[in-house]
Amino acid sequence: MAKANLIVLYVKDPLASVDFYRQVLAQEPSVTYQTFSSFELPGGFTLGLWAERTVAPEPTASGHRSELAFMVENESAVRAHYREWKEKGLPIAQELTEMDFGPTFVALDPDGHRLRVCLYDS
């Protein structure tokens, strides 16, 4: 069976998104082209950033109906990410709050993709 290990976000400008994710992930991309760039993530996943104007076949819908979640080990790590991302100027779509699954918040990337920080286990 094929292994699911690539998450692709459609973006307006992959190079601008690389600059954003370089800060958020604190690492360099593994691949950087004009229309596609990617970052290797811990756990065997890769985050791809694909220029939406070159996606084939063309997407049939628009909008952001998913989240890229960054799961951390404890509440203090959630709060530390919140402070760090606010200091970096990331737009915050959901302020730090308590939900059924524990403390969490949501930031946005330059294309409006939702980035949630939450706990591994609640």
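Remember, it's a predicted structure, so these values are computed and weren't measured experimentally.

Along the polypeptide, Asp-109 turns up in the loop between strand 7 (102-108) and strand 8 (114-119). One buried charged side chain, Asp-109, makes no salt bridge at all; its nearest oppositely charged neighbour is Lys-12, positioned 8.7 Å away. Engagement of the side chain of Asp-109 in a polar contact is seen with the side chain of Tyr-21, the distance being 2.7 Å. Those residues within four positions of Asp-109 in sequence are excluded, and the remaining contacts are Leu-9, Phe-20, Tyr-21 and Leu-115.

Here we come to the sheet that holds strand 8. With respect to topology, four strands assemble into an open sheet ordered 5-8-7-6, the strand pairing being mixed. In this open sheet, the two edge strands, each paired with only one partner strand, are strand 5 (67-72) and strand 6 (92-99). Taken over all neighbouring pairs, the strand axes of this sheet differ in orientation by 15 degrees on average, direction set aside. Judged from the six bridges that link them, strand 5 and strand 8 form a sheet pairing that is parallel. When the sheet's bridge partners are listed, Phe-70 is paired in strand 8 with Val-117. Packing of helix 1 (residues 14-25) onto the sheet brings it into contact with strand 5, strand 7 and strand 8, and relative to strand 5 it is tilted by some 20 degrees.

Attention now goes to the packing of aromatic side chains. Under the counting rule described, the total for this entry stands at five aromatic pairs. With 5.0 Å between their ring centres and 85 degrees between their planes, Phe-20 and Tyr-21 make a pair best called edge-to-face. Look at Trp-85 and Phe-105: their rings are 5.7 Å apart centre to centre, the planes differ by 80 degrees, and that puts the pair in the edge-to-face class. Here Phe-105 lies in strand 7 and Trp-85 lies in helix 2 (residues 75-87), a separation of 20 residues in the sequence. Both residues of the pair, Trp-85 and Phe-105, belong to the buried class. One aromatic cluster is present, built from ring pairs that chain together Phe-70, Tyr-82, Trp-85 and Phe-105.

Conventions adopted
Residues numbered from 1 in each chain as written. Predicted model: local features only at pLDDT ≥ 70, side-chain atom pairs only at ≥ 80, totals over all residues. Heavy atoms only, no water. Helix = DSSP H or I, 4+ residues; strand = E, 2+ residues; numbered from the N terminus. Buried < 20%, exposed > 50% of the residue type's maximum accessible area, 1.4 Å probe, protein only. Lys, Arg positive; Asp, Glu negative; His and termini not counted. Salt bridge = Lys/Arg side-chain N within 4 Å of Asp/Glu carboxyl O. Polar contact = N/O pair within 3.5 Å; in protein donor to acceptor, adjacent residues only side chain to side chain. Contact = heavy atoms within 4.5 Å. Pairing = 2+ DSSP bridges. Axes fitted to C-alpha atoms, helices over the stretch in contact; angles between N-to-C directions. Phe/Tyr/Trp six-rings, centres within 6.5 Å; stacked < 30°, edge-to-face > 60°.

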